[in-house]
Amino acid sequence: MPKITPFLWFESQAEEAATFYTSVFKNSKIGNVVRHGDAGPGPRGSAMVVNFELDGQPFTALNGGPQFQFTEAISFVVSCRDQAEIDYFWDKLKAPGEKGQCGWIKDKYGLSWQIVPANMGELLAPKDPAKAGRAMMAMMQMTKIEIQTLQDA
C-alpha cells in the first residue's frame, strides 16, 4: 500500500466519477464504498467515500458538498507510450470545451489532466538547443500533444 493516496473532493458525484475513471484506465477497480446510514449526513444508501484504483494507483473520492472545487493547481499526468494512447486518453477524459494548452484538459468533473508522451523530456530537450527551442515553440501552440510534430520541429 503506498503511503500517499490522492483524495478527491466531489460535490455528490464520487461514485459516478470513480466508475467513469475505472472505465477509462486499464487495470483499475472500485474498492470499498462507504455509504451513508440513518445518521447521515447524506441520503441513506448514497456513497460517502469511494476507494478505487487507476492502473494500480489508489485514490479516495469523497462526496463532501459544494464547498470546494478542483482547480488547475492540481493535475494528474498520464504518461503515454505513443500517439494512439495520447488520442485515447484525450478523447476519453476531455470535457467539451475544456481543452487547455500543452496537453492539459479538464474532465467533466472539473479535474485537470496532462496527457503527454512518456518521453516528453527527450522531445523537448534534445542535445541541439535550436531543435529544443523549435520543439518548445511547437508544443506551446498545441492543445493535444502531437508527437510527430514535436519530433519534426
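Please refer to the structure higher up on the page.
Residues numbered from 1 in each chain as written. Predicted model: local features only at pLDDT ≥ 70, side-chain atom pairs only at ≥ 80, totals over all residues. Heavy atoms only, no water.

Draft legend 1. Summary view of the overall build of the protein. Counting secondary structure elements, the protein contains five helices and seven strands. Starting at the N terminus and walking to the C terminus, you meet the elements of the protein as β-α-β-β-β-β-α-β-β-α-α-α. Along the three orthogonal principal directions, the C-alpha set of the protein runs to about 65 × 30 × 25 Å. Across the 153 residues that make up the protein, the buried fraction comes to 38%. Here the contacts in the protein between residues at least 6 apart in sequence split such that 57% fall between residues at least 24 apart. Here the protein contributes 15 positively and 17 negatively charged side chains, and the mean placements of these two sets differ by 2 Å. (Helix = DSSP H or I, 4+ residues; strand = E, 2+ residues; numbered from the N terminus. Buried < 20%, exposed > 50% of the residue type's maximum accessible area, 1.4 Å probe, protein only. Contact = heavy atoms within 4.5 Å. Lys, Arg positive; Asp, Glu negative; His and termini not counted. Charge placed at Lys NZ, Arg CZ, Asp CG, Glu CD.)

Draft legend 2. Highlighting the environment of V34. If you trace the backbone, V34 turns up in strand β2 (residues 29-35). Overall, V34 belongs to the partly exposed group, its relative accessible area being 32%. Sequence separation between V34 and T71 is 37 residues; the distance between their C-alpha atoms is 26 Å. Not counting chain neighbours up to four residues away, the residues in contact with V34 comprise S46, A47, M48 and V49.

Draft legend 3. View of the packing of aromatic side chains. Scanning the model with the defined rule gives 14 aromatic pairs in all. Aromatic pair Y21 and Y109: ring centres 5.9 Å apart, planes at 70 degrees, arrangement edge-to-face. Here Y21 is found in helix α1 (residues 14-24), whereas its partner Y109 is found in the loop between β6 (104-106) and β7 (112-117), with 88 residues between them in sequence. For the pair formed by Y21 and Y109, the shared burial category is buried. Judged by centre distance (5.3 Å) and plane angle (70 degrees), the rings of F59 and F76 are edge-to-face. Remark: F76 occurs in strand β5 (residues 75-80) and F59 occurs in strand β4 (residues 57-63); sequence separation between them is 17 residues. Here F59 matches F76 in class, with each residue buried. Feature note: the residues F10, F20, Y21, F25, F52, F59, F70, F76, Y88, F89, Y109 and W113 constitute an aromatic cluster, connected by ring pairs. Just above the ring of F20 sits the side chain of K108; from NZ or CZ to the centre is 4.4 Å. (Phe/Tyr/Trp six-rings, centres within 6.5 Å; stacked < 30°, edge-to-face > 60°. Lys NZ or Arg CZ within 6 Å of the ring centre and 35° of its normal.)

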